[in-house]
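So you can see what is in the structure, the chains are spelled out below.
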Amino acid sequence: MENWSLVSICVLFGLTARWAVSLNSYSGAGKPPMFGDYEAQRHWQEVTYNLPVHEWYFNTTDNNLNYWGLDYPPLTAYHSLLCAHVAKLINPDWVELHASRGHESYGHKLFMRATVLVADLLIYIPAVVLYSFYLSEGSNKKKVCTVLCILLYPGLILIDYGHFQYNSISLGLALWGVVVLGLGWDVLGSLAFVLSLNYKQMELYHSLPFFCYLLGKCFKQGLAGRGLFLLVKIAVTVLVTFALCWLPFLSDPGQILQVVHRLFPVGRGLFEDKVANTWCSLNVLIKIKTILSTDTQLYFSLTTTLLAILPSSIKLLMKPTLWQFKLALVNSSLAFFLFSFQVHEKSILLPALPVCLLLNDLPLPAIWFLQASTFSMLPLFLKDGLLVPYVVTSLAFLFFSIYLLSAFEHCSEDKLRLGPYRRLLICMPRMDLGRVTKWKFYFSITAMAGLSFMSVALAPPDQLPDLFPLLVSVFSYLHFLGLLLYFNIVQIAEPLQSVRKNQKKSN
Amino acid sequence: MCYLYVELQSVISIPPRLIHRGQASVYDTGCVMATPRADDWSWFPALALGVSFLKCILINAYHSTDFEVHRNWLAITHSLPVSKWYHENTSEWTLDYPPLFAWFEYSLSHVAQHFDKEMLVVQNLIYTSPATILFQRLSVIVTDIVFIYAVKECCRSVREEKGSKDLLGHPFFILAALLLWNFGLLIVDHIHFQYNGFLFGILLLSVARHLQGRHLEGALLFTVLLNLKHIYLYIAPAYGIFLLRSYCFTKDNTDGSVRWSSFSPVRLVALGSIVISVGALSFGPFIAMGQLPQVLSRLFPFKRGLCHAYWAPNVWALYNMVDKALSVIWCRPRGARGFLRCLVVCALGSFMFGWHVHEKAILMAILPFSILAVESREDAGIFLMLTTTGHYSLFPLLFTAAELPIKVLLMLLFTLYSFTSLKKLFRGSLLNPLETTYLLGLVAVEILCEVVYPLSPWQHTLPFVPLLVTSVYCSLGVSYSFIRLYVSLLRQHGTDKHKQL
């Protein structure tokens, strides 16, 4: 069968899975007075439609920032405005100022879910198809399998179509950036990434790799001539795009400051709720939130984050190839997730995207990470009533990706690039690290299944009401830490000059 | 230790990998889609599991009143003694399937009590707790295992041409995909809610057994099926004549006509005893209690929708069609495949002319026809026409706005797959331009009915118009397919080729 028909079938299947998940509940359904992310998005449509631009980010009588105030960059606001115009055509009650607060209805839910689907179809899905066909290796059948597996990643489906968010836009634009850069169009790639950054400020997690990759390319082309020209072109593109996105706010410095203040709420503390990163896990043993002052926490997290991303960024600067770029994206965003300030559990989607791009090359570690990332958000899914979709999509993803990508066949020490581990463990008895990895994987999946079951079936003891979310987040944290180490080693251990017989991943 | 590990490996690995002969290592690097071996069936569980996941994700979709029907039957069979099953009418959805199905619901109810005891209370009308929905949906998904097994057996019986082909081009793969992922079955069973997968599984298994020459098993399965849902009576004549002609008469004359001397009374008695014993098992208890008239009145509610004006021409047309079709397999039996063709014609004919026909009955023709479609070019063309229009005619079953994208996406998925795979298999276009234009017209009908008409002023005064347009438009395609199929049946009767049994 031809490629186009196979890809269409995969895309149709992915869309069906997405819409089927969207039939379930959303964040904050039926829970006044604050509801959840769904109401936040609806509220932003109301605010952007009814109020003038200079009031969107300010606390006014018509705009109470305590009730889901806008805290994403301007592109989100423009997108909400666009959706609001459509909503107004269908049913004006949905975006009526003040009167529509907490509005929930069958028709409105369909409309909101449809906006997510349209955005996904226009931005994220084409990027995935283009990536698989132009930038991944293998036979055509393998590329089609890659499309299917990336589209079936449960984390993104459950958050966008279940909990309710628009991550497919920001992640999709970032992916467009990767694809376009991979094809060699640096200026357009940086444009795409800047748009992505202006949709959600969390994309800053990806910014350092983009920066180092482009800078490294400029260095390689020689800063005296073409490199400098490229650098200037990219810098101008970035500045102009930023200016265009922030145009309505440029007239008043106070506007810009207020927006920045909304985007980076440093007053909110090191972390909120349970999240699978270092600070929350450390807090179990040492109550750092209470011991250190907010400023110290800020500097501490800043330093550790920078230290964690330094090796990967320097390596990318020295060797700006696509393979290094993908690994650096993973390492940078995962390091930010683990060590940064005010991280939410949904931010795991930021490292998850570049890991999806590694499904073709390192199937088993990628599948492991993606499953762990979905698992780490289990408490959120339980709160939203998404247990059945969580179980079904996780099992489906595990099954399809292991089967179609032959994950267990590509499990030798060589394929998993476990060379450095072998050198580190030289004192240990001779064992097959590939086999060890496989058994660790089985154990890990079983443990995740067990913890999931316990979270649902058992009630926590009275003295420890947060026992299960805590266990989930610590367990996930250990996985993320281990995988951060692994991906860093894979990236850094690669020689600077690609050896001829190991030519697989050089650009 | 190493041996134990290898054994453990082959047990735990998902899916079971075939170890290449001659190589001891289990770490074979082979992409699953490349050169498959003829006996490597690992793709089959993958297809089956894949569609099962899709069914699971539809658990929380819309369900129709059929959901309440089956919940009610669970309650009746669990809470009441057998003597009351066919008299109970607290709910309007009284038991109107044969007794074997009632026993099936009874056995399901024993599992149901562990999910939610309240669903088994007869008075709890329209009871839809999350546990109830989960149980009912899972019961359909789990009983589909019969269907999956039947599809496997049908795939094994499919004829294929020699020559290495990539896996996706093999007829048995295409048949498996067309049956396991059949759009009609998915939306009727797993959204609308029914147990057709289970029932069609038994039908297809019976057909597979006949294709494999195991006629007694096929007859047994069909009798069981009849006692589960009596709508299959429509195709019982095809079975009856086929078994009588091709099984009870052991030899044919050289010209293919019946050799009366080869009649085998032993075989006839064997068939008869199967039918009678299954019937006894099913209806026995009710005959003993003297409730047979009551049961029959529930099964054949002629008071429902009786319309004198249409009675006579209906039966006449039905009788005529069936008579002609049966004479084909009597005079010139074409073996099991000829029987299958006749079965499909009977099923489709009963859909065209039968009494109180539901649109879901089109599946009775589509599913068995899939087997013929992967073996012959002409059949593939008719199949595409019948399937596309038949499946589209099921759209009105899911009238909720939330399910609209699902039915459109799944329809596109199945239609795209069936067209591209059959086109690749038979190398070339299977439909003429007129047929293609007609099918493209379905898109226009869909847009008209779901988008344009609801926004027009006539939506409130004439709300039935979309249904009318859908039914009439699809009836053209279905009738056309029926005529072509009937003609192909008669044409085979006319030519003098002999096929092996």
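Residues numbered from 1 in each chain as written. Chains lettered and ligands numbered in written order. Predicted model: local features only at pLDDT ≥ 70, side-chain atom pairs only at ≥ 80, totals over all residues. Heavy atoms only, no water.

Structural notes on the pattern of salt bridges
Rule in force here: Here, a salt bridge means any side-chain nitrogen of Lys or Arg that lies within 4 Å of a carboxyl oxygen of Asp or Glu. Only DSSP runs of H or I with at least four residues qualify as helices, and only runs of E with at least two residues qualify as strands; both kinds are numbered from the N terminus onward. Buried residues are those whose accessible area, probed at 1.4 Å on protein chains only, stays under 20% of the maximum for their type, while exposed residues exceed 50% and partly exposed ones sit between those limits.
Applying the stated criterion to the full structure yields 21 salt bridges over all chains. Residue aspartate 37 of chain A pairs with lysine 346 of chain A through a salt bridge whose shortest N-O separation is 3.6 Å. Residue aspartate 37 of chain A is located in helix H2 (residues 37-50), and its partner lysine 346 of chain A is located in the loop between helix H15 (322-339) and helix H16 (349-357); the two are separated by 309 residues in the primary sequence. Two residues, arginine 71 of chain B and glutamate 68 of chain B, come together in a salt bridge whose shortest N-O distance is 3.0 Å. Highlighted residues: arginine 71 of chain B and glutamate 68 of chain B, both in helix H3 (residues 65-79), separated by three residues, approximately one helical turn. On the accessibility criterion, arginine 71 of chain B (0% relative accessible area) is buried. Linked through salt bridges whose partners overlap, the residues forming this network are Glu153, Arg156, Arg209, Arg214 and Glu217 of chain B.

Structural notes on the nonpolar core
Quick reminder of the rule: Take the buried Ala, Val, Leu, Ile, Met, Phe, Trp, Tyr and Cys residues and link them wherever side-chain atoms come within 4.5 Å; each set so joined is a nonpolar core. Each domain's extent was defined by an automatic or database domain assignment. Throughout, a residue-residue contact means that at least one pair of heavy atoms, one from each residue, lies within 4.5 Å.
In terms of nonpolar packing, the biggest core is built from 326 residues, with Phe441 of chain A together with Leu422 of chain B touching the most fellow members. Among the elements that line this core, the one with the most residues is helix H4 (residues 106-135) of chain A, at 15 residues. Split by domain, this core shows at least three residues from each of two domains, domain 1 (2-56) and domain 2 (139-499) of chain B. Contact partners of phenylalanine 441 of chain A, with chain neighbours within four places excluded, come to Leu364, Ile367, Trp368, Leu398, Ile402 and Phe408 of chain A.

Examining a nonpolar patch on the surface
Residues and elements named next belong to chain A. Short version of the rule: Note on patches: the residues involved have over 30% relative accessible area and no salt bridge, like charges join within 9 Å, and the nonpolar side chains Val, Leu, Ile, Met, Phe, Trp and Tyr join within 5 Å. Working definition of accessibility: Shrake-Rupley area with a 1.4 Å probe, residue cover restricted to the visible protein chains.
Judged by side-chain polarity, Phe219, Leu223, Leu228, Val232, Val236, Val240, Leu244, Leu247 and Leu250 come together as a nonpolar surface patch covering roughly 790 Å² of accessible area. Here the nonpolar patch takes five residues from helix H10 (residues 226-245), the largest share from any one element. Structurally, leucine 250 can be placed in the loop between H10 and helix H11 (253-263). Leucine 250 gets classed as partly exposed once you look at its relative accessible area, which sits at 40%.

What about the domain arrangement of chain B?
All names here are of chain B. Test applied: Buried area: the accessible area, evaluated with a 1.4 Å probe, that two parts lose upon being put together, summed over both parts. Under this definition, polar contacts are N or O atom pairs within 3.5 Å; protein pairs additionally need one hydrogen-donor-capable and one acceptor-capable atom, and for neighbouring residues in sequence, both atoms have to be side-chain atoms. Residues are sorted three ways: Asp, Glu, Lys and Arg are charged, Ala, Val, Leu, Ile, Met, Phe, Trp, Tyr, Cys and Pro are nonpolar, and all the rest, Gly among them, are polar.
You can read the domains of chain B as domain 1 (2-56) and domain 2 (139-499). Between domain 1 and domain 2, the residue contacts involve twelve residues of the former and 17 residues of the latter. Note on domain 1 versus domain 2: buried area summed over both sides is about 1,600 Å², and carbon and sulfur give 86% of it. At the boundary of domain 1 with domain 2, the tally comes to one salt bridge. Taking the shortest distance from any N to any O, the salt bridge between lysine 55 and aspartate 144 comes out at 2.7 Å. On inspection of domain 1 and its partner domain 2, the count reaches two residue pairs in polar contact (both at pLDDT 80 or more). Classifying every residue of the side of domain 1 that touches domain 2 gives nine nonpolar, two polar and one charged.

Here we look at the confidence of the model for chain B
Residue and element names in this part refer to chain B. Rule in force here: Across the chain, each position has a pLDDT score giving the predictor's confidence in that residue, from 0 to 100.
When pLDDT is averaged across chain B, the result is 84; 86% of the residues are at 70 or more. Note on residues 1-38: pLDDT is under 50 here. Beyond four places in sequence and across chains, it has 45 contacts. When the criterion is pLDDT under 50, residues 496-501 qualifies, and its contacts beyond four places in sequence or with other chains add up to eleven contacts. Among the scores for the predicted complex, ipTM is 0.92 and pTM is 0.90.

Structural notes on the packing of aromatic side chains
All names here are of chain B. Quick reminder of the rule: Within 6.5 Å between ring centres, the rings of Phe, Tyr and Trp (the latter by its six-membered ring) count as paired, and their orientation is classed by plane angle as stacked under 30 degrees, edge-to-face over 60, tilted in between. The criterion is that NZ of a Lys, or CZ of an Arg, lies within 6 Å of the ring centre and within 35 degrees of the ring normal, and then a charge sits over that ring.
Applying the stated criterion across every chain, the model contains 62 aromatic pairs over all chains. Centre to centre, the rings of phenylalanine 101 and phenylalanine 104 are 5.3 Å apart; their planes meet at 55°, and the pair counts as tilted. One end of the pair, phenylalanine 101, and the other, phenylalanine 104, are both in helix H4 (residues 99-112), three residues apart, so they sit about a helical turn from each other. The rings of Phe67, Trp73, Tyr97, Phe101, Phe104, Phe193, Tyr195 and Phe198 are connected pair by pair, giving a single aromatic cluster. A cation over a ring is seen here: arginine 267 above tyrosine 247, with NZ or CZ 4.5 Å from the ring centre.

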